Amino acid sequence: MSTLERARCRLKAHPLALDAALAAGVLVCMVVGSFADSHGGNGVTWGVRTPDLLSLLLITIGGVALVFRRIAPKTVLAVTGTVSLVESVTGDPRAPVAMSAVVALYTVASTTDRTTTWRVGLLTMTVLTGAAMLAGPLPWYAQENLAIFAWTGIGATAGDAVRSRRAFVKAIRERAERAERTREEEARRRVAEERLRIARDLHDVVAHHIALVNVQAGVAAHVMDKRPDQAKEALAHVREASRSALNELRATVGLLRQTGDPEAPTEPAPGLSRLDDLAGTFRNAGLRVEVARADQGTTLPAAVDLAAYRIIQEALTNVRKHAGPAARAEVSVVRVGPNIEVTVLDDGSGGGGSGAAGGGSTAVGSPGDDPGEDGAPEAGGGHGLLGMRERVTALRGTLTTGPRYGGGFRVHAILPIKTATATGEPA
C-alpha cells in the first residue's frame, strides 16, 4: 500500500479530522483573499488592503462552521449562507466569505437526493445572488455578483455528481456481491444434487448386488455337504455378482476423482440394453422374472435410460428381499406416446411379506423406508422407494407404488422421453 493510500485510509477512519483540515484550508484562503484588492485605479489591478473587523468575524464563523459539515450539512449551509449574505450586502470591498457557503452547498448536494439538491441549490443561488445585485454596494452587473451565482452553481453540480458516482459504485459493488452469492449458492446446489445422485447410484448398486450375494451364499451354505456341484455354482454366482458390484462401484466412485487422476472410468452407465442381463442375475438367485418390452426402436436420453434401469433393479431387489423365494415378478417396458412406462409387478406369494416393499400399507408414491418381513421396516431403514421417487422427480416423471389387489406389490413409473436436459430447456 502506497503512502497516499495509507493517508487516505487514515482520513476515512477519522472524518472529523478531515473536515477540520478542510475548514482550516478554506479559512486560510478566505483570510488571504480578504487582504487582496482587485479594484485599482487603472482597470483591474491587484493590491493589498486591510479587511473590516466584521468581515474577519464572518470569515471566522464560516470557516469554523465547516468543521461540522458532515454532522449537520443543512445547518452548516444555513450558517455559512447567512454570513455570506451579510458580507454580500455590507462588505465594500467584499471578503470571499461565500467560499464557505459553496463548500457547504457541495456537502449538502453530495449527501442528499437530487430533488433536495435542486431545491437547496436554486434557493442558495437565488438568495445570495439576488441580495448581492439588489442590496450590495456594487452595480448589479458587477463580475463579483455573477461569480457568486457561478460558484454556488458549481458547488451544487459537483456535489450532485459526486453523490451519483458514489451511488453508481455502490450499486456495482452490491451487484458484484449479489452475483458472487448467487454463484456460491448455485455451486452448493449443484454439489448437493451431485451428492444425492451419487448416493442413489451407490444405494442401487450395493443393495442389488449384496442382496444377490446374500442369497447365493445362503444357498451355497445350505447345499455344501449334500450337493457340492450346486454349491460351486452358487459360489460362482457370488463371485460374478461381487465382480459386477465392484465394477459399478469403481465407475460411480470414479466420478469423485480429480481432473488429473489416472484411470478415469470409461464404462458407460447401465441402461435398458442390459435389462436381460439384469433379469438373468435375479433368475440365477431363484427369482422367477418375466420381461416384456414394447419399446423397440426408441432411443432414450442417458438420464432416462439409467433411471429406468435403476428403478427396475431396485424393484426386483425389493421383490427378492421381501416377497419370498417363491415369488414371481413381471417387468414391462412400454412406449406410450411421448413417455416410457416401466412397470414391475410381483405376486407376493413367498410368505415373506406382501410385496416388493414388504407391506400392504405403503402409500402411493411414499418415500418411506423399505419394510421388511411382516410389513415392518428393516433395521437401519431403507431408501429404495425414496431413491426411485427422487430419480423420477428429477426427470419430471410420475411414480406410483402400492399393494396390488389380491396380494403383491406394483411399481409403475412414467418417464418423459424428452427431458429438460435433452431439449436444452432450463430445469
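As the structure is a prediction and not an experimental result, all values here were calculated from the model.

A description of helix α11 (residues 384-394) should follow, citing residues and the corresponding values.
Restricting attention to buried positions, one finds in α11 the residues Gly384, Leu385, Leu386, Gly387, Met388, Arg391 and Val392. Taken from the residues just after α11, arginine 396 is the one with a positive phi, measuring 65°.

Outline the pattern of salt bridges, supporting the account with residue identities and numerical values.
Scanning the entire structure with this criterion turns up ten salt bridges. A salt bridge links aspartate 19 to arginine 69, with the shortest nitrogen-to-oxygen separation between them at 3.2 Å. With a gap of 50 residues between them, aspartate 19 in helix α2 (residues 15-34) and arginine 69 in the loop between α3 (53-65) and α4 (73-90) connect regions that are remote in the sequence. Note on aspartate 19: relative accessible area 1%, which makes it buried. Across the salt bridge formed by glutamate 180 and arginine 183, the nearest N and O atoms sit 2.4 Å from each other.

A description of the confidence of the model for the protein chain should follow, citing residues and the corresponding values.
Overall, the predicted model of the protein chain reaches an average pLDDT of 76, with 77% of residues at or above 70. Every residue in residues 40-44 scores below 50 in pLDDT, and together they form two contacts with partners more than four places removed in sequence or on other chains. When the criterion is pLDDT under 50, residues 421-427 qualifies, and its contacts beyond four places in sequence or with other chains add up to seven contacts.

Explain the nonpolar core residue by residue, including any values.
Residues Ile312, Leu316, Val411 and Leu415 are the most contacted members of the largest nonpolar core, which totals 39 residues. Contacts of leucine 316, omitting those with residues within four sequence positions, involve Phe282, Leu287, Val289, Ala329, Val331 and Val344.

I'd like a rundown of the pairing of strand β7 (residues 409-416), residues and numbers included.
Buried residues dominate β7, accounting for six of its eight residues. In the sheet, strand β6 (residues 398-403) pairs with β7 via six bridges, with the strands oriented antiparallel. Note on β7: the bridge partner recorded for threonine 401 is valine 411. As consecutive antiparallel partners, β6 and β7 are separated by five residues, and within that stretch glycine 406 has a phi angle of approximately 95°, a positive value.

Scoring rules and cut-offs
- Residues numbered from 1 in each chain as written.
- Predicted model: local features only at pLDDT ≥ 70, side-chain atom pairs only at ≥ 80, totals over all residues.
- Heavy atoms only, no water.
- Buried < 20%, exposed > 50% of the residue type's maximum accessible area, 1.4 Å probe, protein only.
- Helix = DSSP H or I, 4+ residues; strand = E, 2+ residues; numbered from the N terminus.
- Salt bridge = Lys/Arg side-chain N within 4 Å of Asp/Glu carboxyl O.
- pLDDT = per-residue confidence, 0-100.
- Contact = heavy atoms within 4.5 Å.
- Core = buried A, V, L, I, M, F, W, Y, C linked by side-chain atoms within 4.5 Å.
- Pairing = 2+ DSSP bridges.

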